[in-house]
There are 2 protein chains.
Amino acid sequence: MLVRKQQIAPQRPSSSELNAFAGHAVFCSEFKYRRGTEIFGEAEPIQYLYQVKSGAVRSYKLLADGRRQIMAFHLPGDIFGVENGAVHRFTAEAIVETIVHLTGRQNVVEQERGSATATNNVLRLVTGSLQHAETHMLLLGRKTALEKVAAFLIEMDVRLTAAGVMSLPMNRRDIADYLGLTLETVSRALSQLRDRDILSFIGQSQRQIVLRDRARLTDFDQ
Amino acid sequence: MLVRKQQIAPQRPSSSELNAFAGHAVFCSEFKYRRGTEIFGEAEPIQYLYQVKSGAVRSYKLLADGRRQIMAFHLPGDIFGVENGAVHRFTAEAIVETIVHLTGRQNVVEQERGSATATNNVLRLVTGSLQHAETHMLLLGRKTALEKVAAFLIEMDVRLTAAGVMSLPMNRRDIADYLGLTLETVSRALSQLRDRDILSFIGQSQRQIVLRDRARLTDFDQ
DNA sequence: CGATCTTTTGAAAGAGGTCAATTGAAGTGG
DNA sequence: CCACTTCAATTGACCTCTTTCAAAAGATCG
């Protein structure tokens, strides 16, 4: 597993939000993952706790025949890989070149035993994931394609929009696998929103989006 | 809210698994809810922690136009209503006449502050919910109708089958809203499984099911 | 025992999926 | 640095799975 990892600053403990999370300084390295590379796999033993420094991560589950459901996108600032058991329940991959801060699981486990504050931090993270999962179940089970795409844009708008432009790190297939659709349906929904002047693409890339009418976009998201 | 509640043994602290959860005896009452009545509503302040003694509970979220997504069914032994924030994120209703044990939230909060064991118990419950939610997202986003119904039957088989018979407390609409389908599609899938001799209904009720071929049922669930 | 709720089943419609072709962007190696 | 290959996205045409609408039979409840 470490073979895939490209260590940047292995010896120097670096300051990060992970330290704040732990309540005290812990050994904390920076790793860089190339686009498309696996950070950890489903059923692999848990060794680290991760925080996205730059880039983007997708975590997903697969069915036997390859159908994929992306549970969440992890963007700069997000902490992921927090689990209570011994093994990961899903796979995490870098969507683009991604730098993460990581801390050994030992530190987290020790904190769980010792500090009540640290345990509460773990609890807060897991609760946050659960809340997101519940919202997403409602989307997956009961929303139409257009409502799903609108909800996705609103979610990403908060996280990714800088200077009025939303730069999506993921491709249409990733979005589709997040929303329980096909990439063609996602593309058609985006085109429809563009034709109605609710959004527009800028430059040559189809991943740079400007939201022109957030109010009407919200109307689509039930 | 208390108006709806029919208290059974208000004065007598009763022994239950909730006490084991708390690590020591706490005030613990038994309440009975008639079928269809609300136990708590979305956005209501959290006051209690619940454990199903008998019966069944559905917890769900609604869209503005009434579309419903059931997040989970809570069956005898299940603890529910555990949340980290101040208000509930969904509604819980008794599916049939249901008896629950409940303990005041104060106890839980105090335990969170004090005992690390109690906090770990809360963490274990929340982690369990998250794990279930992740599995369910894969089902909602990526499985076909037949696969969804097969997965539902396998899930309920473990929980509900006694003496070879699975007695479902919920109707077809509940199942549909759990699986992101319509009740007609659920009915058709069950008929299909019956026609293929994978299950059969017993008696006059359509909620008493005998699984005749679990191996082939598992084949349908990817 | 009548009224209401639940479930099944059929027929028709529709939302989203599949297949395919085209265009455009982005890496890659000579 | 540019041609070449590969990857990404759009769009059209068609198809199919699930939904919608409707009717009828069956179960349950007061």
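Our structure's up above, just so we're on the same page.
Rules used throughout
Residues numbered from 1 in each chain as written. Chains lettered and ligands numbered in written order. Predicted model: local features only at pLDDT ≥ 70, side-chain atom pairs only at ≥ 80, totals over all residues. Heavy atoms only, no water. Least-squares fit on C-alpha atoms with pLDDT ≥ 70 in both. Contact = heavy atoms within 4.5 Å. Helix = DSSP H or I, 4+ residues; strand = E, 2+ residues; numbered from the N terminus. Expected span 1.5 Å × (residues − 1). Buried < 20%, exposed > 50% of the residue type's maximum accessible area, 1.4 Å probe, protein only. Arc of directions from axis to C-beta. Near = heavy atom within 4 Å. Polar contact = N/O pair within 3.5 Å; in protein donor to acceptor, adjacent residues only side chain to side chain. Buried area = accessible area lost by both parts, 1.4 Å probe. Salt bridge = Lys/Arg side-chain N within 4 Å of Asp/Glu carboxyl O. Nonpolar A, V, L, I, M, F, W, Y, C, P; charged D, E, K, R; others polar.

1. Regarding the relation of the copies chain A and chain B
Then step 1. Placing chain A over chain B gives an RMSD of 0.0 Å and needs a rotation angle of 180°, together with 0.0 Å of translation along the axis. The operation mapping one copy onto its partner corresponds to a two-fold rotation axis. Taking C-alpha positions as reference, the residue of chain A nearest the rotation axis is A:Leu130, located at 2.5 Å.
Then step 2. Of all interface residues in chain A, 100% are interface residues in chain B too; the two copies therefore contact each other through one and the same surface.

2. Considering helix α6 (residues 183-195) of chain A
All names here are of chain A.
Then step 1. With 13 residues, α6 ought to run about 18 Å at 1.5 Å a step, and its terminal C-alpha atoms sit 18 Å apart, in line with that.
Then step 2. Along α6, the residues that are buried comprise Val 186, Ala 189, Leu 190 and Leu 193. Buried residues in α6, looked at end-on, bunch into an arc of 95°, giving them a common side. Away from its buried face by more than 90 degrees, α6 exposes Arg 188 and Asp 195.
Then step 3. Packed against the buried residues of α6 are α4 (145-160), α5 (172-179), β12 (199-201) and α7 (214-220).
Then step 4. Immediately beyond the C-terminal end of α6, within one or two residues, lies Asp 197, with a positive phi of roughly 60°.

3. Considerations on the protein's contact with DNA strand C
Then step 1. Close to DNA strand C lie 20 residues; A:Ala145, A:Thr185, B:Ser187, B:Ser191 and B:Arg207 are nearest.
Then step 2. Backbone atoms, meaning sugar and phosphate, make up 64% of the atoms of DNA strand C lying within 4 Å of the protein.
Then step 3. At 3.0 Å from a base nitrogen of DNA strand C is found a side-chain nitrogen or oxygen belonging to B:Arg188.
Then step 4. Contact distances for DNA strand C include 2.6 Å between a phosphate oxygen and a side-chain N or O atom of B:Ser191.

4. Section: the interface of chain A and chain B
Then step 1. Contact with chain A, which involves 40 residues of that partner, is made by 40 residues of chain B.
Then step 2. Together chain A and chain B conceal approximately 3,800 Å² of surface at their shared face, both sides included; 64% is due to carbon and sulfur atoms.
Then step 3. Interface area lost by chain A to chain B is led by A:Arg89, A:Met137 and A:Arg142, which between them contribute 20%.
Then step 4. Inspection of the region where chain A meets chain B yields 6 salt bridges.
Then step 5. Note that B:Arg142 is salt-bridged to A:Asp177, the shortest N-O span being 2.8 Å.

5. A word on unusual backbone geometry
Then step 1. In the Ramachandran plot, A:Asp197 falls in the positive-phi region, its phi being about 60° despite a non-glycine side chain.
Then step 2. As for its position among the elements, A:Asp197 is in the loop between α6 and β12.

6. A closer look at helix α5 (residues 172-179) of chain B
All names here are of chain B.
Then step 1. With 7 of its 8 residues buried, α5 lies for the most part within the structure.
Then step 2. For α5, the capping residue at the N-terminal end is Asn 171, with a side-chain oxygen 3.1 Å from the backbone nitrogen of Arg 173.
Then step 3. Phi for Gly 180, located one or two positions after α5, is positive at around 70°.

7. Observations concerning the environment of B:Glu42
Residue and element names in this part refer to chain B.
Then step 1. Note on placement: Glu 42 falls in the loop between β3 (38-40) and β4 (48-54).
Then step 2. A C-alpha to C-alpha distance of 9.6 Å links Glu 42 and Ser 59, two positions 17 residues apart in sequence.
Then step 3. Ignoring any residue separated from it by four or fewer positions in sequence, one finds Glu 42 in contact with Tyr 60, Lys 61, Leu 62, His 88, Arg 89, Phe 90 and Thr 91.

8. Focus: the protein's contact with DNA strand D
Then step 1. Neighbouring DNA strand D are 23 residues; A:Ser187, A:Ser191, A:Arg207, B:Thr185 and B:Arg188 lie closest to it.
Then step 2. Separating a phosphate oxygen of DNA strand D from a side-chain N or O atom of B:Thr182 is a distance of 3.2 Å.
Then step 3. The separation between a phosphate oxygen of DNA strand D and a polar main-chain atom of B:Gln204 is 3.3 Å.
Then step 4. For the surface near DNA strand D, the secondary-structure elements that each account for two or more residues are α6 of chain A together with α6 (183-195) of chain B.
Then step 5. Per-element tally for the surface near DNA strand D: the top contributor is α6(A), with 6 residues.
Then step 6. Of the residues belonging to the surface near DNA strand D, the class tally is 4 nonpolar, 11 polar and 8 charged.

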